[in-house]
Amino acid sequence: MPKYQCSCDVVPHYLPEQSAPEDEVYGFAYTVTITNTGEVTAQLISRHWVISDARGHSEEVKGLGVVGHQPLLRPGESFQYSSGSRLRTPSGTMHGSYFFVAEDGERFEAVIPMFVLDAGEGAGAAGAGRILH
């Protein structure tokens, strides 16, 4: 087991009630589970997301913590949160990374694998989100 490692799993959902396709607004929610899979307690300090729509327009989002938190995760512990994003097209992708500092001062990043945001048919149904690994 690596000493410094966190895994990230994401489940996206289309939000038809927060979308206005006629105005090119598509709302999505995503639930992220971050698990410390390493051997050392570590604190999530910041996030970096790259959000891309189907037209190739990309936006970068950087900031401290996630939803106002900077969780401290012991080995094996997880932190889950939900957030959202809006696109101008019915589909797109998101990926990024979290920056951590371990209790021994070591700094490391955890990759957030790319996942698909899709407002296509049936996208509002449970389990319809697609995760790319």
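Keep in mind that what you see is a predicted model, and the values were worked out from it rather than measured.

Pairing between sheet strands relies on hydrogen bonds along the backbone, with the strands arranged either parallel or antiparallel. As summarised here, the arrangement of the 3 strands in space is E1-E2-E6, forming an open sheet in which the pairing is antiparallel. Of all the strands in the sheet, the pair left with one neighbour each is strand E1 (6-20) and strand E6 (78-87). Taken over all neighbouring pairs, the strand axes of this sheet differ in orientation by 20° on average, direction set aside. Bridge analysis of strand E2 (residues 25-36) against E6 gives 10 bridges, and the strand direction is antiparallel. Note on E6: the bridge partner recorded for Thr31 is Ser82.

Turning our eyes to something else, we now look at the pairing of strand E4 (residues 58-64). Bridging between strand E3 (residues 42-53) and E4 involves 7 bridges; their strand directions are antiparallel. Residue pairing across strands places Trp49 opposite Val61, the latter belonging to E4. Connecting the antiparallel pair E3 and E4 is a turn made up of 4 residues, with Gly56 showing a positive phi of about 90°.

Counting 29 residues, the largest nonpolar core has Val32, Ile34, Trp49, Tyr81, Tyr98, Phe100 and Phe115 as its most contacted members. Counting only elements with at least two residues in this core, the list comes to E1, E2, E3, E6, strand E7 (91-102) and strand E8 (107-118). If we ignore the near neighbours within four places in the chain, the residues touching Trp49 are Tyr30, Val32, Glu59, Glu60, Val61, Tyr81, Met94, His95, Gly96, Tyr98, Ile112 and Phe115.

What follows covers unusual backbone geometry. In this structure, Glu24 is a non-glycine residue whose phi angle is positive, near 55°. Secondary-structure assignment places Glu24 in the loop between E1 and E2. Residues other than glycine seldom take positive phi values, yet Val67 does so here, at roughly 40°. With respect to the secondary-structure elements, Val67 resides in the loop between E4 and strand E5 (72-73).

Cut-off values and rules
- Residues numbered from 1 in each chain as written.
- Predicted model: local features only at pLDDT ≥ 70, side-chain atom pairs only at ≥ 80, totals over all residues.
- Heavy atoms only, no water.
- Pairing = 2+ DSSP bridges.
- Helix = DSSP H or I, 4+ residues; strand = E, 2+ residues; numbered from the N terminus.
- Axes fitted to C-alpha atoms, helices over the stretch in contact; angles between N-to-C directions.
- Core = buried A, V, L, I, M, F, W, Y, C linked by side-chain atoms within 4.5 Å.
- Buried < 20%, exposed > 50% of the residue type's maximum accessible area, 1.4 Å probe, protein only.
- Contact = heavy atoms within 4.5 Å.

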